[in-house]
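So you can see what is in the structure, the chains are spelled out below.
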Amino acid sequence: MKRLFSGNEAVARGAFEAGVQVAAAYPGTPSTEILENIAQYPQIYAEWSVNEKVAFEVAYGAAVAGKRALAAMKHVGVNVASDALMTAAYAGVNAGMVLVSADDPGMHSSQNEQDNRYFARFAQIPMLEPSSSAEAKAFAKLAFEISEAFDTPIMLRMTTRICHGRGVVELEEPQPVRTRPYVKDPQKYVMMPANARVRRTVLLERMRRLAEYSETTPLNRVEEGDAEIGIITAGVSYTYAREVFPNASFLKLGMTNPLPMRKIAEFISRHRQVYVIEELEPFMEEQIKAAGLNVRGTDLQSTAGELSPDVLRRRFFGTVPKKAAGNDLPARPPVMCAGCPHRAVFSVLRKHRAVVSSDIGCYTLGALQPLNAIDSVLCMGASIGMAQGYARVLEPDRPVVAVLGDSTFIHAGIPALVNAVYNRVKMTVVILDNRITAMTGHQENPASGKTLQGEQVPVFDFEAVARAVGAAYVRTVDPIETEALERAIGEAIACDGVSVIIASRPCALVDRHQYTGVMMIDKDTCSECRLCLRIGCPAMSLRDGSVVINPDLCFGCSLCSQICPKESIHRTRVNVEG
Amino acid sequence: MAETINVLIVGVGGQGIVAASNVLANAALAAGCDVKQSEVHGMAQRGGAVSSHVRFGTAVHSPVIPLGEAQFLLSFEKLETLRWLDYLADDAMVIVNDYRIDPITVAGGKAEYPADIESRLASSGYGTLLIDGMKKAEAAGNFKSVNMVLLGVLAARLDLPIDTWKSAISRRFSGETFAVNWRAFELGRAAGLNAEP
């Protein structure tokens, strides 16, 4: 049966067909849908782990214990998991273990565009790179075979266009689930120095055997064309290159670590000019050149940004496309949603002229106009860590505040909070608790009280945790009650130690009917002061010099009415949403 | 089907662009085509500009449409139409939802919403259909079905059998939701069949 699957759905299907029994991930665009789809197969245990390192360890433990397992994460998630990955490569697996890295060239929704192919090389594990949904499924299955045959974790490296691109996939029957017996083997799995030294040799020998496999596997195939131009490529870059060079010869690599150097040399020898077309870093080009082979690559291509057929045409042929669209159009940046009460926190922090270190999530959008309330964003958990550095250096009366979401606090905020209390910092932490991982499309987390597979569990108690680690001031407030919020933040900032505010209200998109009606402006009393526009609600706009509320977009949260000095904004009784 | 048909679907996060792309792609699959579709999730969902590329034909390589090669632009918001004109082939058809959503830059008074969108489209040389999608969606039973209205307009211009559309829509929606969305699609298709050019 043929189905239209995104690359992420295809990986999930591939895992199912390969008889995977355990899958773990932390949500992150563009990887999130892999686990969401695996969770649809009741045969597989699937979980949202609290962070990527834990997800990797859960999957790895399951593989060592004897069942095929998968961990999925976005590229920066592998940074978090890398401590476990580097040594897991030494110890190897028992049943197959696949690590899916979903990279984001072009940074559609990421803080950097690191090329995780280097992680496969760094950790010395094999890597497969699919170029379509069909290959995503096929490679996911084959990855488990390779993992078991060579006793190693393996990386399946995807990129945004593969993850979120859809293509035709042929469904196959799942393989029977196999269990490998678990045998206690401390020499293999206890990585203390004496054992690790032995395993280091095993690792190097394994990579030599994998290089031989790379030479012969049909994953790395030649598509004969014109002898003039040869192209070595992999992943989504292959599809762009096929579009732009329909007559060239291709060496299409599905396995890109280790590279098949003999096959590459033979391909180069048969073509007058060979180009390496790859996205981001010159990962393949540098290795090919280091082997003394003559190819062209980065001299024609930038290493910044996403490739596309247009980018290739511009770089190779200097084609500059026509310009029909105006460059004078107003930009349309993303904004915090209409109905999100958590934007109120930023309004209050701005009043205090606080230095605000933020974290990764919806609230990062508080950095944009008109809220403009954020000083730094680095990585998961860094809000609390960086704030401690700020507090050591900035003048003592300058409020230092870290803001982060519920999921992010649990992911990487807790150790940083412990550090702040332990080292006696004066700072405030505001946890924007909307009970869901919202930015990636609403995944459950410990604050939701629900697991990935729908099981009810106790709701994470932020207040108890903050008190347990020794915070001096702890308050839970509803951010829609702006007066109470202001009072709490004022007290927290005045507190001489670590203060923690839990601003708690569910995501407006998840709980759509938490307010009745929509807001409406009474034009008889409105003075057009435009103060309400400063909360940055996308349902409010200036039309012909006058503020209006779009009832199709308004959720009725009332933040605008609370900010209005003339009390001109009121709730309508009717809910237009229906 | 020899040539590749490229449809670019654009608008604002939350308008149902991804759902519309899925239905179109599944209709093309049911008609026996090779299909690729590509969009970007993540931050773009939060009221930002969203675009989705749908390509179908005998064999499709790149998941993204090259500049100057889209035969159809399906736009859910007036201003967004202008942003993507570079992607259009010379004989392209532009289908526009007659609806305005102010970007935050406009809402805050920092930028102007272009007043001359219709005239710019008229002078662009592309065949343009301006559709009151919200009104038709409301007539069908829910203003959120505006994406199916626009898809219906497009369907009138594409060579895909009607039952492939029905199966693609029923794959996505069931029960009363399917009924509303199918009505919206039919209203759009009627508008597309009756409209000039």
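Structural data are supplied above this passage.
Bear in mind that the values here come from a model prediction, so they are computed numbers and not experimental data.

Peer 1: Before we move on, can you summarise the overall build of chain B with the specific residues and values?
Peer 2: Helix and strand content of chain B: eight helices and six strands. For 197 residues, the compact-globule formula gives about 16 Å, and the C-alpha radius of gyration of chain B, at 16 Å, lands near that figure. Taking the principal axes of its C-alpha atoms as reference, chain B extends roughly 50 × 35 × 35 Å. Of the contacts made within chain B by residues no fewer than 6 positions apart, 65% connect residues no fewer than 24 positions apart. As displayed, chain B has an accessible area near 7,000 Å², and 50% of this comes from carbon and sulfur atoms. Distance between charge centroids for chain B: 7 Å, based on 17 positive and 21 negative side chains.

Peer 1: Just give me the short version of the sheet that holds strand S6 (residues 127-131) of chain B, but keep the residues and values in it.
Peer 2: If you trace the eight strands from one edge of the open sheet to the other, you get S1(A)-S8(A)-S2(B)-S3(B)-S1(B)-S4(B)-S5(B)-S6(B), paired in mixed fashion. Looking along the sheet, the strands with just one partner apiece sit at the ends: strand S1 (2-6) of chain A together with S6 of chain B. In this sheet, adjacent strand axes meet at a mean angle of 20° when their direction is disregarded. Strand direction decides the pairing type here: strand S5 (residues 88-97) of chain B and S6(B), joined by five bridges, are parallel. Across the sheet, the residue bridging to B:Asn97 is B:Ile131, located in S6(B).

Peer 1: Lay out the packing of helix H1 (residues 17-30) of chain B against helix H6 (residues 146-155) of chain B in plain terms, naming residues and giving numbers.
Peer 2: Residues and elements named next belong to chain B. For the pair H1 and H6, interaxial distance at closest approach is 9 Å and the crossing angle is 35°. In the crossing of H1 with H6, the sense of the turn from one axis to the other is right-handed. Across from Ala 19, Ala 20, Val 23 and Leu 24 in H1, the residues of H6 making contact are Asn 147, Met 148, Leu 151 and Leu 154. Looking at the contact of H1 with H6, its residues break down into seven nonpolar, one polar and no charged.

Peer 1: I'd like to hear about the side chain of A:Arg332, residue by residue, with values.
Peer 2: With respect to the secondary-structure elements, A:Arg332 resides in the loop between helix H13 (309-317) and helix H14 (343-351). A polar contact of 3.0 Å, which involves the side chain of A:Arg332, links it to the side chain of B:Glu77. Only 2.8 Å separates the side chain of A:Arg332 from the backbone oxygen of B:Ile101, close enough to count as a polar contact. Not counting the four nearest positions on each side in its chain, A:Arg332 is found in contact with B:Val12, B:Gly47, B:Gly48, B:Ala49, B:Glu77, B:Leu79, B:Glu80, B:Arg83, B:Ile101, B:Asp102 and B:Pro103.

Peer 1: Go over the nonpolar core with me, naming the residues and quoting the values.
Peer 2: Residue and element names in this part refer to chain A. Judged by nonpolar contacts, the single largest core of 81 residues is most densely connected at Val 403 and Met 540. Discounting chain neighbours no more than four positions away, the residues touching Val 403 are Val 345, Phe 346, Leu 349, Val 356, Ser 357, Ser 358, Asp 359, Tyr 363, Ser 383, Val 430 and Leu 432. By size, the runner-up hydrophobic cluster in this structure holds 59 residues, among which are Ala 25, Ala 39, Ile 146 and Val 244.

Peer 1: Provide a residue-level description of the pattern of salt bridges, including the pertinent values.
Peer 2: This model, assessed by the stated rule, comprises 49 salt bridges over all chains. Here A:Glu486 makes a salt bridge to A:Lys351, at a shortest N to O gap of 3.1 Å. One end of the pair, A:Glu486, is in helix H18 (residues 482-494); the other, A:Lys351, is in helix H14, and 135 residues separate them in sequence. For A:Lys351, a relative accessible area of 58% gives the class exposed. B:Asp116 is the salt-bridge partner of B:Arg120, the closest N and O atoms lying 3.4 Å from each other. The network of salt bridges with shared partners includes A:Asp103, A:Asp115, A:Arg117, A:Glu129, A:Arg157 and A:Glu278.

Peer 1: Would you mind going over the sheet that holds strand S7 (residues 154-159) of chain A in detail, with residue names and values included?
Peer 2: Residues and elements named next belong to chain A. The strand order across the open sheet built from seven strands is S3-S2-S4-S5-S7-S6-S12, with neighbouring strands paired in mixed fashion. Unpaired on one side and paired on the other, strand S3 (45-48) and strand S12 (255-257) mark the two borders of the sheet. In this sheet, S12 lies alongside strand S6 (residues 127-128) in antiparallel orientation, the contact comprising two bridges. Residue pairing in the sheet places Leu 128 in a bridge with Met 255 of S12.

Peer 1: Kindly report on helix H11 (residues 261-269) of chain A, identifying the contributing residues and their values.
Peer 2: Residues and elements named next belong to chain A. Those residues of H11 that sit buried are Lys 263, Ile 264, Phe 267 and Ile 268. Buried positions in H11, seen along its axis, are confined to an arc of 135° and lie on one side of it. Elements in contact with the buried residues of H11: helix H9 (193-216), strand S9 (220-223), strand S10 (226-234), strand S11 (248-253), strand S13 (273-277) and helix H12 (283-290).

Peer 1: Any chance you could break down the interface of chain A and chain B for me, citing the residues and the numbers?
Peer 2: Taken together, the contacts link 59 residues of chain A with 62 residues of chain B. Between chain A and chain B lies a buried interface of about 5,000 Å² when both sides are counted; carbon and sulfur atoms form 55% of it. Close ionic contact of A:Arg332 with B:Glu77 constitutes a salt bridge, the shortest N to O distance being 3.0 Å. On inspection of chain A and its partner chain B, the count reaches 18 residue pairs in polar contact (both at pLDDT 80 or more). Elements that contribute at least two residues to the side of chain A that touches chain B include exactly S1, helix H7 (160-164), strand S8 (165-170), helix H10 (235-244), H13 and strand S21 (540-543) of chain A. Per-element tally for the side of chain A that touches chain B: the top contributor is H10(A), with five residues. For the side of chain A that touches chain B, a count of residues per class yields 27 nonpolar, 15 polar and 17 charged. As paired strands, S8(A) and strand S2 (residues 34-39) of chain B are joined by three bridges and run antiparallel to one another. The residue bridging A:Gly165 from the neighbouring strand is B:Ser38, located in S2(B).

Peer 1: Lay out the packing of aromatic side chains in plain terms, naming residues and giving numbers.
Peer 2: For the coordinates displayed, the defined rule picks out 15 aromatic pairs over all chains. Consider the rings of A:Tyr275 and A:Phe316, whose centres lie 5.1 Å apart with planes at 90°: the pair is edge-to-face. Placement of the pair is A:Tyr275 in strand S13 and A:Phe316 in helix H13, with a sequence separation of 41 residues. Both residues of the pair, A:Tyr275 and A:Phe316, belong to the buried class. Measuring from ring centre to ring centre gives 6.0 Å for B:Trp84 and B:Tyr87, while their planes differ by 45°; the resulting arrangement is tilted. Accessibility assignment for this pair places B:Trp84 and B:Tyr87 in one class, buried. One aromatic cluster is present, built from ring pairs that chain together A:Phe245, A:Tyr275, A:Phe316 and A:Phe317. A cation over an aromatic ring shows up here: A:Arg242 above the ring of A:Phe250, its NZ or CZ 5.7 Å from the ring centre. Over the aromatic face of A:Tyr238 sits the side chain of A:Lys252, whose NZ or CZ is 5.5 Å from the ring centroid.

Peer 1: Provide a residue-level description of the pairing of S5(B), including the pertinent values.
Peer 2: Residues and elements named next belong to chain B. Most of S5 is tucked away: eight of the 10 residues are buried. Relative to S5, strand S4 (residues 70-75) is paired through five bridges, and the arrangement is parallel. Directly across from Ser 75, in S5, lies its bridge partner Val 96. Traced from S4 through helix H2 (residues 78-83) to S5, the parallel crossover comes out right-handed.

Criteria and thresholds
Each chain carries its own residue numbering, running from 1 in the written order of its sequence. To read the labels, note that chains go from A and ligands from 1, taken in the order they are written. Only residues with pLDDT of 70 or above have their local features reported here, since the model is predicted, and side-chain atom pairs are shown and tallied only from 80 upward, although totals for entire chains, interfaces and linings are computed over all residues. The side-chain values count all of the structure's non-hydrogen atoms but skip hydrogen atoms and water molecules. Secondary structure elements are taken from DSSP: a helix is a run of H or I of four residues or more, a strand is a run of E of two residues or more, and numbering for both begins at the N terminus. Radius of gyration here uses only the C-alpha atoms, and the compact-globule reference equals 2.2 Å multiplied by the residue count raised to the power 0.38. Pairs of residues are marked as contacts when any of their non-hydrogen atoms sit within 4.5 Å. The Shrake-Rupley method, run with a 1.4 Å probe sphere, supplies the accessible areas, and residue values consider only the shown protein chains as cover. The charged-residue count follows a simple rule in which Lys and Arg add positive charge and Asp and Glu add negative charge, with His and chain termini not counted at all. Just so you know, the charge point we use is NZ for Lys, CZ for Arg, CG for Asp and CD for Glu. By definition, two strands form a pair when at least two bridges between them are found by DSSP. Lines fitted to the C-alpha atoms define the axes, with helices restricted to the stretch that makes contact. Angles between their N-to-C directions range from 0 to 180 degrees. Here a crossing is called left-handed whenever its near helix is offset anticlockwise from the far helix by less than a right angle, and right-handed whenever the offset is clockwise. Classes in brief: Ala, Val, Leu, Ile, Met, Phe, Trp, Tyr, Cys and Pro nonpolar; Asp, Glu, Lys and Arg charged; the others, Gly included, polar. Polar contacts, as counted here, are pairs of nitrogen or oxygen atoms within 3.5 Å of one another; within protein the pair requires one atom able to donate a hydrogen and one able to accept it, and residues that are adjacent in sequence qualify only if both atoms are side-chain atoms. Here the nonpolar core consists of buried residues drawn from Ala, Val, Leu, Ile, Met, Phe, Trp, Tyr and Cys, with membership extended through side-chain atoms lying within 4.5 Å. With a 1.4 Å probe rolled over the protein chains alone, any residue whose accessible area is under 20% of its type maximum counts as buried; one over 50% counts as exposed, and the rest are partly exposed. Salt bridges, as used here, are contacts in which a Lys or Arg side-chain nitrogen is within 4 Å of a carboxyl oxygen on Asp or Glu. Taken from the helix axis, the directions to the C-beta atoms give the arc we talk about. By convention, the term buried area covers the 1.4 Å-probe accessible surface removed from two parts as they join, with the contributions of both added. Note on ring pairs: Phe, Tyr and Trp rings are taken, using the six-membered ring of Trp, and paired if centres are within 6.5 Å. Classes follow the plane angle, with under 30 degrees stacked, over 60 edge-to-face and the rest tilted. A ring is scored as having a charge over it whenever the NZ atom of a lysine or the CZ atom of an arginine sits within 6 Å of its centre and within 35 degrees of its normal. Place the viewer so that the strands point away; then a crossover is right-handed whenever the path from the first strand over the helix to the second strand goes clockwise.

In short, the description is geometric, and any link to function would need to be established separately.
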